[in-house]
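Spelled out from the first residue to the last, the chains are:
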Amino acid sequence: MLVSDAGYSLRDYEQAAGAIRSRISEAPSLAVILGSGLGAFVESIPNATVIPYADIPHFPEASAPGHEGKLIIGDIAGKPVLACQGRVHTYEGYSAGQVTFPIRVLHMLGVRDLIITNAAGGVNTGFQCGDFMLINDHINLPGMVGLDPLRGANMEAFGPRFISLTAAYSSAHRQTAKRAAAELSIDLKEGVYAYLVGPCFETPAEIRALRLLGVDATGMSTVPEVLTANHCGMNVLGLSVITNMAIDHIDSGRATTAEEVFETTRSIAPDLARLLTKIISEVG
Ligand code: HPA
């Protein structure tokens, strides 16, 4: 039997999709993944259906702080949306295939447009803590050494063996996000996201190296999900919140901390809600 890199069969994905389908009347064609500390955005959706990941067969359970581990299905800006409140990461010990299990389930449910958010360290010196960055491309360093969710037997039911990533972040969605930010007078930066497995934050030398590579922001998620979503033909929009400026000097006297990351996510929550609501209302 053909199985994915993480050992899932087509039936496993179908079972998970079936469990979700049985709890909702109609599956939305738009989904949003809310990263570290960014999940508050969907707490106030009226009459939402809430499905804990633990209730969905084979769904990986979120263990990282700030990741609730719930699917929330409801209307945002009058549009049906499926929100993943929290995600799992490769640093938790999951394989790239396990991390992306939910993406294929979303595809089976009929999701066509996917908004992926994350908390990231700012590498571009022109950025500030609290900025939003539209992801226009990425560098997948773990993927270059084999930690790629599409490695292993290809599951043709989802997509072809080889895929192009020249437009991994939908051009139409990027235009929509820029327009939405401009209408709200929210400063939206744009740039390249580098995925590193973590959980250690980067050394100053690594940050300087990433800068030389053309990286604007770095984090521990998103890229495996973007690859899997592209494989099954979804249109992806990637949005980073710059929760801290990466430290590029060993004698700076500063340290990157998870507290700083969460404090920033708390302080930008109202603007993130405005921006995502506007993008959702105009996407697709
Ligand atoms: N590095 C990696 N991941 C992150 C960071 C960072 O500085 N901030 C938030 N997630």
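In this text, all values refer to a predicted model and were calculated from it rather than measured experimentally.

## Let's talk about unusual backbone geometry
Then step 1. Here the residue pair G198 and P199 is connected by a cis peptide bond, since its omega of 5° sits within 30 degrees of zero.
Then step 2. Here P199 is to be found in the loop between β7 (188–195) and α6 (204–212).
Then step 3. We note that N47 has phi near 55°; this positive angle belongs to a residue other than glycine.
Then step 4. Within the element layout of this structure, N47 appears in the loop between β1 (30–34) and β2 (49–52).
Then step 5. Classification of N47 as exposed rests on a relative accessible area of 78%.
Then step 6. Although it is not a glycine, S185 sits at a positive phi angle of roughly 55°.
Then step 7. The residue S185 is located in the loop between α5 (171–183) and β7 in this model.

## What about the layout of surface pockets?
Then step 1. Considering only enclosed or pocket space, the second largest pocket measures out at about 160 Å³ in volume.
Then step 2. Every residue lining the second largest pocket is listed: I24, S25, E26, P28, P46, N47, T49, I73, G74, D75, P80 and V81.
Then step 3. Listed by contribution, the elements that provide at least two residues to the lining of the second largest pocket are β3 (70–76) and β4 (79–85).

## Side note on empty space enclosed by the protein
To find leftover empty space, one rolls a probe the size of a water molecule over the atoms.
Then step 1. For the structure on display, the rule yields four cavities of 30 Å³ or more.
Then step 2. Taken together, I33, Y53, F59, P60, C84, G86, R87, V88, V99, P102, I103 and E225 make up the lining of the largest cavity.
Then step 3. Partitioned by chemical class, the residues of the lining of the largest cavity number nine nonpolar, one polar and two charged.

## Topic: the packing of aromatic side chains
Then step 1. Going through the model one piece at a time under the given rule, you end up with six aromatic pairs.
Then step 2. Ring plane angle 20° and centroid distance 4.9 Å describe the contact between Y13 and F101, whose orientation is recorded as stacked. With Y13 in helix α1 (residues 10–21) and F101 in helix α3 (residues 101–109), this residue pair connects regions lying 88 residues apart in the sequence. This pair shows no difference in class: Y13 is buried, exactly as F101 is.
Then step 3. One aromatic cluster is present, formed by Y8, Y13, Y53, F59, F101 and F158 through successive ring pairs.

## With respect to the pattern of salt bridges
Then step 1. The tally for this structure, following the rule as stated, stands at ten salt bridges.
Then step 2. Between D248 and R211 there is a salt bridge, with its nearest N and O atoms 2.8 Å apart. Highlighted residues: D248 in the loop between β9 (235–245) and α8 (258–282) and R211 in helix α6, separated in sequence by 37 residues.
Then step 3. Using a relative accessible area of 26% as the deciding quantity, one classes D248 as partly exposed.
Then step 4. A residue is classified by how much of its surface remains accessible, and R211, at 28% relative accessible area, is partly exposed.
Then step 5. One network of salt bridges, in which partners are shared, links D131, D187 and K189.

Each value, and the rule that gives it
- Starting afresh in each chain, residues are numbered from 1 along the sequence in its written order.
- Where totals are concerned, whole chains, interfaces and linings use all residues; where local detail is concerned, this predicted model gives features only for residues with pLDDT of at least 70, and gives and counts side-chain atom pairs only at 80 or more.
- With hydrogens and water stripped out, all remaining heavy atoms of the structure feed into the side-chain values.
- Strands are runs of DSSP state E lasting at least two residues, helices are runs of H or I lasting at least four, and both sets are numbered from the N terminus onward.
- Working definition: with a 1.4 Å probe on protein chains only, accessible area under 20% of the residue-type maximum means buried, over 50% means exposed, and in between means partly exposed.
- Both cavities and pockets are sets of points on a 1 Å grid over the protein atoms alone; in a cavity a 1.4 Å probe fits but cannot get out, in a pocket the set is open with protein on both sides within 12 Å along at least five of seven lines, and lining residues sit with an atom within 4 Å of a point.
- Grid points are joined across faces, edges and corners, and a volume is the space filled by probe spheres set on the points.
- Residue type decides the class: Asp, Glu, Lys and Arg count as charged, Ala, Val, Leu, Ile, Met, Phe, Trp, Tyr, Cys and Pro as nonpolar, and the leftover types, Gly among them, as polar.
- Any Phe, Tyr or Trp ring, taking Trp's six-membered ring, that has another such ring centre within 6.5 Å forms a pair; planes under 30 degrees apart are called stacked, those over 60 apart edge-to-face, and the others tilted.
- The term salt bridge refers to a side-chain nitrogen of Lys or Arg lying within 4 Å of a carboxyl oxygen of Asp or Glu.

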